[in-house]
Amino acid sequence: MRRPTIMRAMRSLPFHAVAWVCLVALATLTVVTPARASIVEAMSLTELTQTADVIVVARVEGQRARYDAQGRIVTDVSLRIEESLFGRLAVGEQTTVLRLGGAVGDLGLRVEGEAIYVTGESIVLFGRWVTTPSGEVLRPIGMAQGVLPIDVRGGVEVVTPGGVGLELVTRDGEGRLSP
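In this text the structure is predicted, and so the values were computed from the model without any measurement.

Focus: the overall build of the chain
Consideration 1: Summing up its helical and strand segments, the chain has three helices and 12 strands in all.
Consideration 2: Looking at the chain as a whole, 35% of its 179 residues qualify as buried.
Consideration 3: The contacts of the chain with a sequence gap of at least 6 include a subset with a gap of at least 24, amounting to 55%.
Consideration 4: As displayed, the chain offers around 11,400 Å² of accessible surface, 59% of which is attributable to carbon and sulfur atoms.

So, in structure tokens, the structure goes:
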């Protein structure tokens, strides 16, 4: 007895059933693979500096996830300014950085390329002021590129590059993007 092939079996089905199977297969293929990075144009230290409203060394004091006015999950990251390098924030002042994503109850949202903040850590922040329905907050420039964690190695503070979760690209002479 000869085994039926998939094509022979599909020929015996009505057209709408075959179309439905193909549609489900296509939907499955397009949904299965999660994003592993956000593609963002690479920024030099000069570009970060020139586009910043604020450049500070700050300590992360806390984080609170919530739904914003558009129904997205966002996290308010509370920072205490340790050193003000540029902009209107003073040493000792507290400010808020808005991070896309977070977890509210059992529901979480992760946005690849958004900076990861660790409560208690110190960072260098290159930020821009953004007005939201909740008030004025900072957003890092270039997503995670604008947040540089400060590590202590052998008793020395070392600023490490930001950009976790980002696929950085540059433009060539004709404007095409390349890794």
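Next, the rest of the story.
Structural notes on the nonpolar core
Consideration 1: By size, the foremost hydrophobic cluster in this structure holds 20 residues, and its most contacted members are Val56, Leu79, Leu89, Val97, Tyr117, Leu125 and Leu138.
Consideration 2: When contributions to this core are tallied by element, the ones reaching two or more residues are strand S2 (54-67), strand S3 (73-86) and strand S7 (122-132).
Consideration 3: At four residues, S2 tops the list of elements feeding residues into this core.
Consideration 4: Beyond its immediate stretch of four places on either side in the chain, valine 56 contacts Ile81, Glu83, Ser84, Leu85, Leu89, Ile123, Val124 and Leu125.
Consideration 5: Of all hydrophobic cores here, the second largest spans nine residues; its members include Ile55, Val57, Ile141 and Leu148.

Side note on the pairing of S2
Consideration 1: Note: S2 against S7, six bridges, orientation antiparallel. Residue pairing across strands places valine 57 opposite valine 124, the latter belonging to S7.
Consideration 2: Summarising the sheet, S2 and S3 pair through 12 bridges and their orientation is antiparallel. Its bridge partner lying in S3, alanine 65 is registered against threonine 75.
Consideration 3: A loop of five residues connects S2 with S3, the two strands running antiparallel in sequence, and glycine 71 in this loop sits at a positive phi of about 85°.

Things to note about the confidence of the model for the chain
Caution applies to low-pLDDT parts of the model: their predicted coordinates are not meant to be read in detail.
Consideration 1: Per-residue pLDDT for the chain has a mean of 84; in total, 79% of the residues score no lower than 70.
Consideration 2: Across residues 21-33, confidence stays below pLDDT 50; counting only partners more than four residues off in sequence or on other chains, it has one contact.

Details of a nonpolar patch on the surface
Consideration 1: Together, Ile116, Val118 and Val164 make up an exposed nonpolar region whose accessible area comes to about 300 Å².
Consideration 2: Relative to the elements of secondary structure, isoleucine 116 occurs in the loop between strand S6 (107-109) and S7.
Consideration 3: Assessed through its relative accessible area of 60%, isoleucine 116 is described here as exposed.

Side note on the sheet that holds strand S1 (residues 38-41)
Consideration 1: Taken in spatial order, the three strands line up as S1-S11-S12 in an open sheet, and their pairing is mixed. Either end of the sheet is taken by a strand with one partner, and the two such strands are S1 and strand S12 (177-178).
Consideration 2: Two elements, S1 and strand S11 (residues 166-171), share four bridges in a ladder whose sense is parallel. When the bridges of S11 are listed, serine 38 appears paired with leucine 166.

Examining the pattern of salt bridges
Consideration 1: Taken as a whole and judged by the stated rule, the model has 12 salt bridges.
Consideration 2: For arginine 66, the salt bridge identified is with aspartate 76, shortest N-O distance 2.6 Å. Residue arginine 66 is located in strand S2, and its partner aspartate 76 is located in strand S3; the two are separated by 10 residues in the primary sequence. Side by side, arginine 66 and aspartate 76 carry an identical accessibility label, which is buried.

Thoughts on the side chain of threonine 132
Consideration 1: Within the fold, threonine 132 resides in strand S7.
Consideration 2: Of the polar contacts made by the side chain of threonine 132, one reaches the backbone oxygen of glycine 135; its length is 2.7 Å.
Consideration 3: Setting aside residues up to four positions removed in sequence, threonine 132 forms contacts with Leu98 and Val137.

Some points on the environment of glutamate 93
Consideration 1: Looking at the secondary structure, you find glutamate 93 in the loop between S3 and strand S4 (94-100).
Consideration 2: Spatially, the C-alpha atom of glutamate 93 lies 8.4 Å from that of leucine 79, the residues being 14 residues apart in sequence.
Consideration 3: Every residue in contact with glutamate 93, bar those within four places of it in the chain, is listed here: Leu79, Arg80, Ile81 and Arg88.
Consideration 4: Among the polar contacts made by the side chain of glutamate 93, one reaches the main-chain amide nitrogen of alanine 90 at a distance of 2.9 Å.

Rules used in this analysis
Residues numbered from 1 in each chain as written. Predicted model: local features only at pLDDT ≥ 70, side-chain atom pairs only at ≥ 80, totals over all residues. Heavy atoms only, no water. Helix = DSSP H or I, 4+ residues; strand = E, 2+ residues; numbered from the N terminus. Buried < 20%, exposed > 50% of the residue type's maximum accessible area, 1.4 Å probe, protein only. Contact = heavy atoms within 4.5 Å. Areas by Shrake-Rupley, 256 points an atom, 1.4 Å probe, with all protein chains shown as cover. Core = buried A, V, L, I, M, F, W, Y, C linked by side-chain atoms within 4.5 Å. Pairing = 2+ DSSP bridges. pLDDT = per-residue confidence, 0-100. Patch = residues over 30% accessible without salt bridge, like charges linked within 9 Å, V, L, I, M, F, W, Y side chains within 5 Å. Salt bridge = Lys/Arg side-chain N within 4 Å of Asp/Glu carboxyl O. Polar contact = N/O pair within 3.5 Å; in protein donor to acceptor, adjacent residues only side chain to side chain.

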